Amino acid sequence: MRERVIIFCHLFFCLSLTVLLHERSVSGDPSTDAFKNNITLFTRILDRLLDGYDNRLRPGLGDRVTEVKTNIYVTSFGPVSDTDMEYTIDVFFRQSWKDERLTFDGPMDILRLNNLMASKIWTPDTFFHNGKKSVAHNMTMPNKLLRIRDDGTLLYTMRLTVHAECPMHLEDFPMDFHSCPLKFGSYAYTMSEVTYEWTPNTTVVVEGESSRLNQYDLLGQTVGQETIKSSTGEYTVMTAHFHLKRKIGYFVIQTYLPCIMTVILSQVSFWLNRESVPARTVFGVTTVLTMTTLSISARNSLPKVAYATAMDWFIAVCYAFVFSALIEFATVNYFTKRGWAWDGKSVVNDKKKEKASVMKKNNAYAVAVANYAPNVTKDQGLPTIAKGGAADPNKPKGEGKQAESKKSFNSVSKIDRMSRILFPMLFGSFNLVYWATYLNREPVIKDMVPST
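Residues numbered from 1 in each chain as written. Predicted model: local features only at pLDDT ≥ 70, side-chain atom pairs only at ≥ 80, totals over all residues. Heavy atoms only, no water.

Remarks on the confidence of the model for the protein chain
Right, on to step 1. For the protein chain, the mean per-residue pLDDT works out to 81, and 74% of the residues sit at or above 70.
Right, on to step 2. Throughout residues 338-345 the model reports pLDDT below 50, and contacts reaching past four residues in sequence, or to other chains, amount to 14 contacts. (pLDDT = per-residue confidence, 0-100. Contact = heavy atoms within 4.5 Å.)

Details of the pairing of strand 7 (residues 153-165)
Right, on to step 1. Inspection of the sheet shows strand 2 (residues 86-98) paired to strand 7 by 13 bridges, in the antiparallel sense. Bridge pairing in strand 7 links Ile89 to Val162.
Right, on to step 2. Looking at chain direction, strand 5 (residues 131-136) and strand 7 are connected through five bridges and run antiparallel. Across the sheet, the residue bridging to Gly131 is Ala164, located in strand 7.
Right, on to step 3. Here strand 6 (residues 144-149) runs beside strand 7; their pairing, made up of five bridges, is antiparallel. Paired with Arg147 across the two strands is Leu155, which belongs to strand 7.
Right, on to step 4. Once strand 6 ends, the chain turns through three residues before running back antiparallel as strand 7, passing Gly152 with a positive phi of about 95°. (Pairing = 2+ DSSP bridges. Helix = DSSP H or I, 4+ residues; strand = E, 2+ residues; numbered from the N terminus.)

Examining the packing of aromatic side chains
Right, on to step 1. If you walk through the whole model with that rule in mind, you get 26 aromatic pairs.
Right, on to step 2. Between the aromatic rings of Tyr250 and Phe251, the centroid separation amounts to 5.2 Å while the plane-to-plane angle is 85°, which identifies the pairing as edge-to-face.
Right, on to step 3. Pairing Phe430 with Tyr434 gives two aromatic rings, centres 5.7 Å apart and planes at 40°, and the pair type is tilted. In this pair, Phe430 and Tyr434 both sit in helix 9 (residues 414-439), four residues apart, roughly one turn of the helix.
Right, on to step 4. Three or more aromatic residues joined by ring pairs make a cluster, and in this case those are Tyr256, Phe314, Phe430, Tyr434, Trp435 and Tyr438. (Phe/Tyr/Trp six-rings, centres within 6.5 Å; stacked < 30°, edge-to-face > 60°.)

Re the side chain of Glu328
Right, on to step 1. One can find Glu328 in helix 6 (residues 310-338).
Right, on to step 2. Since its relative accessible area comes to 6%, Glu328 is described here as buried. (Buried < 20%, exposed > 50% of the residue type's maximum accessible area, 1.4 Å probe, protein only.)

Things to note about the state of the cysteines
Right, on to step 1. In this structure the tally under the stated criterion is one disulfide.
Right, on to step 2. The partner cysteine of Cys166 in its disulfide is Cys180, sulfur to sulfur 2.0 Å. Across the S-S bond of Cys166 and Cys180 the torsion is about -70°, and the bridge reads as left-handed. Residue Cys166 is located in the loop between strand 7 and strand 8 (177-186), and its partner Cys180 is located in strand 8; the two are separated by 14 residues in the primary sequence.
Right, on to step 3. Among the residues examined, Cys180 registers a relative accessible area of 0% and is labelled buried.
Right, on to step 4. Of the cysteine sulfurs around Cys259, a residue in no disulfide, the closest is that of Cys318, at 4.9 Å.
Right, on to step 5. Owing to a relative accessible area of 0%, Cys259 belongs among the buried residues under this scheme. (Disulfide = S-S within 2.5 Å.)

With respect to the packing of helix 4 (residues 249-267) against helix 5 (residues 277-298)
For any two helices packed against each other, the geometry is given by the interaxial angle and the distance between the axes.
Right, on to step 1. Packing of helix 4 against helix 5 leaves a shortest axis separation of 10 Å and a crossing angle of 165°. As the angle between them shows, helix 4 and helix 5 are arranged roughly antiparallel. In terms of crossing hand, the pair formed by helix 4 and helix 5 is left-handed. For the pair helix 4 and helix 5, contact is made by Gln254, Thr255, Pro258, Cys259, Thr262, Leu265 and Ser266 and by Phe283, Thr287, Thr290, Met291, Leu294 and Ala298, respectively.
Right, on to step 2. When the residues that make up the contact of helix 4 with helix 5 are grouped by side-chain class, the tally is seven nonpolar, six polar and no charged. (Axes fitted to C-alpha atoms, helices over the stretch in contact; angles between N-to-C directions. Parallel < 35°, antiparallel > 145°, perpendicular 65-115°, else oblique. Left-handed = near helix turned anticlockwise from the far one by under 90°. Nonpolar A, V, L, I, M, F, W, Y, C, P; charged D, E, K, R; others polar.)

This is the structure:
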């Protein structure tokens, strides 16, 4: 009996001690109660906000126009496709508006929520007018942010990747400038219901190292606002233009320098002898084919536009110089085949006269040898056929040299002499005018915000 009493006392003591410790632990951590109270309060506020809320109706319906303030933070710009005339941009797209139905009273000023709450309230039906394809990122969860202030002001942010059209005018390619627009607005609501405005001081911000452009430099951006009219009414359209300047280095290496070297190579043929028909023919034909290949390859990276670009004009002029060099050789070779030298004397007639005089002398010497055969070996002054029969002992030596100097068949053509000077001067003048004209063109852009 005594043992049972002792065991009962021990159990009672342990139970009392456990209850006491539990009460102390609960009363000693007041933050637990506060945390539970905050969760309960948040839940009650959200339930009260959504109680009777109709997300099909815009804020201020029948009373006022809903004003949506927007701004864009660009996290990545590029690449730009010249062939498709489009560009890619990755942005944080932010919209802010006021909805009196979402005002609340509580210990906090802002409710920080995610996409689950955004699907239960009214949001603007914004779309991109010049967007070909837009992607809202959903990994690992939809990249959306929602903030609700106690006065009913909302901030709604989402991450988007937009493929948008970029109309290009390629007359000055590759020294051209482009302005790629990004246009957005409401799809269903007209100006009398929903209007858009840029957030002051933070309209469009481009991240410092966001550019993914290999062939362009991002100069800056400008913002604006337009109004378009359609059969369903007038709509507000927000515009942001990104100003680009093409980098010319790639095209100088791939097109311009090869064209210049090909033209110079075609002009080397002016310094070759005009009787070197195979060599000059190879120079002319090879350079013409090379220019043809360069002109075809230069067009592969461009859309099939109907007008000529600045590069097309340069290639065309280079092609004209190369083809002119081939025509110049054909002209020189034509006169060479006729046997005319450009000093005004006939080489063929001189050669005929020289051959006739040699034949007469040889005949005279042959008759002399036949009549006076015994004295031929003793008379050293008598010319013989073995000695060539061409030397006349009574003829001065200087006269033979003058006859040789009169042979002008291998002389340099006057056309070649003029071409050596005229072609380089014309090509150098063309390059001077071409580069001075296109490189000094700078567009005037008003209110442009320089890219950082």
